[in-house]
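The residues making up each chain are set out below.
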2 protein chains.
Amino acid sequence: MDILLFCLFLAATFGAGATGALFPTGEWYKSLNKPSWTPPNWAFPVAWTSIYLLISFAGARVAVMEGNAYAMGFWAMQIAFNALWTPVFFGARNLKGSLPIMVCLWIAVLGATITHLQLDFWAGLAFVPYLAWVTVAAALNIAMVRLNPDQKPLPLQNL
Amino acid sequence: MDILLFCLFLAATFGAGATGALFPTGEWYKSLNKPSWTPPNWAFPVAWTSIYLLISFAGARVAVMEGNAYAMGFWAMQIAFNALWTPVFFGARNLKGSLPIMVCLWIAVLGATITHLQLDFWAGLAFVPYLAWVTVAAALNIAMVRLNPDQKPLPLQNL
């Protein structure tokens, strides 16, 4: 594997991952009603760090392969929606607005998993934990919308 | 050009572009001190829509070519930082925090322009307006940090 190429994909995930530091969870997140099966707070950075490393590995493997067009398209699509979700949920506090973003992210990750798997077993396998995690995240997002029907987005325009 | 592939890259830009609707500029942006050469408000959506269409075209052209590894890596990197900038500037209102993101975006767009140009003249050319626009945007970002030294990020944790 080309290590510079790995770093390039890792840089892309760093952009998405920076949202975790820039939009901290804080008291507002604590105050939300959450389902009983919500993962503990420490699980999120651990899961995301592992996922970002795995998909950077997958991207670097598949980038040098012929016929990687759709795999690379889905890779780019997933990182855009990944970078978008946290600011909308934790920044704009738009629970409902974060749902369609999560749906797009889930579709992109499913597409990336399938297209990477078609090219390379290890690259495809590296996307599987991500697909599992966004499935949990999507279920959590839906549950939080249902359990917090009175939550309004932050009125950014009036602040 | 594969139209489905074009739509896949366009979907990625849609994720980044959605920030424009989700984090509206509003009164706060109006109240900022801006340099005299700040482009008028209408220019931003026009520029971004054109750029997103152009780079989706470029991505779809280069995705089917051999030796596209670095081009695809830079394509993914630019869209992640593109999606991140607006929420940090207009959501968290973190003027200084948006600067390193703009630097990463500029590097990614420069890298994408060069690597696309090496593979395909038209794909490279399609990235040139983007490179020009992020250069202006970076200069604007620096100017706004300088002209608004007392601006503090939105205290999201205390809201």
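Residues numbered from 1 in each chain as written. Chains lettered and ligands numbered in written order. Predicted model: local features only at pLDDT ≥ 70, side-chain atom pairs only at ≥ 80, totals over all residues. Heavy atoms only, no water.

Naming follows an unreviewed UniProt entry, where chain A appears as TspO and MBR related proteins of Yoonia rosea. Regarding chain A, the UniProt comment filed under Sequence similarities (unreviewed entry) reads as follows: "Belongs to the TspO/BZRP family." UniProt, in its Subcellular location (unreviewed entry) section for chain A, records the words "Membrane". (UniProt positions renumbered as here; feature names shortened; annotations may be inferred.)

## Details of the packing of helix 5 (residues 69-91) of chain A against helix 6 (residues 95-119) of chain A
Residue and element names in this part refer to chain A. Packing of helix 5 against helix 6 leaves a shortest axis separation of 8 Å and a crossing angle of 155°. Taken together, the axes of helix 5 and helix 6 are roughly antiparallel relative to one another. Considering the relative orientation of helix 5 and helix 6, their crossing is left-handed. Of the residues in the contact of helix 5 with helix 6, the class split is 21 nonpolar, seven polar and no charged. (Axes fitted to C-alpha atoms, helices over the stretch in contact; angles between N-to-C directions. Helix = DSSP H or I, 4+ residues; strand = E, 2+ residues; numbered from the N terminus. Parallel < 35°, antiparallel > 145°, perpendicular 65-115°, else oblique. Left-handed = near helix turned anticlockwise from the far one by under 90°. Nonpolar A, V, L, I, M, F, W, Y, C, P; charged D, E, K, R; others polar.)

## Looking at the pattern of salt bridges
Pairing between side chains of opposite charge can happen when the charged atoms of each approach one another. Counted by the stated rule, this structure contains four salt bridges over all chains. Between A:K30 and A:E27 there is a salt bridge, and its shortest N-O distance comes to 3.4 Å. With A:K30 and A:E27 both in helix 3 (residues 26-31), this residue pair falls three residues apart, about one helical turn. Here the two residues A:K30 and A:E27 agree in accessibility, since each one is exposed. Two residues, B:R61 and B:D120, come together in a salt bridge whose shortest N-O distance is 2.6 Å. Taken together, the positions of B:R61 in helix 4 (residues 43-63) and B:D120 in the loop between helix 6 (95-119) and helix 7 (121-147) put the pair 59 residues apart, joining distant regions of the chain. (Salt bridge = Lys/Arg side-chain N within 4 Å of Asp/Glu carboxyl O. Buried < 20%, exposed > 50% of the residue type's maximum accessible area, 1.4 Å probe, protein only.)

## Structural notes on the UniProt feature "transmembrane region" (unreviewed entry) in chain A
Under the present numbering, the feature "transmembrane region" (unreviewed entry) in UniProt falls on residues 42-64, 71-91, 97-114 and 121-144 of chain A. Here residues 97-114 of chain A is 100% helix and 0% strand, with 27 Å between the C-alpha atoms at its ends.

## As for the relation of the copies chain B and chain A
The two copies are related by a screw operation: chain B maps onto chain A through 180° of rotation and 0.0 Å of translation along the axis, at an RMSD of 0.0 Å. Expressed as an axis order, the relation between the two copies is that of a two-fold axis. Most of the interface of chain B is mirrored in chain A, where 100% of its interface residues are also at the interface. (Least-squares fit on C-alpha atoms with pLDDT ≥ 70 in both. Contact = heavy atoms within 4.5 Å.)

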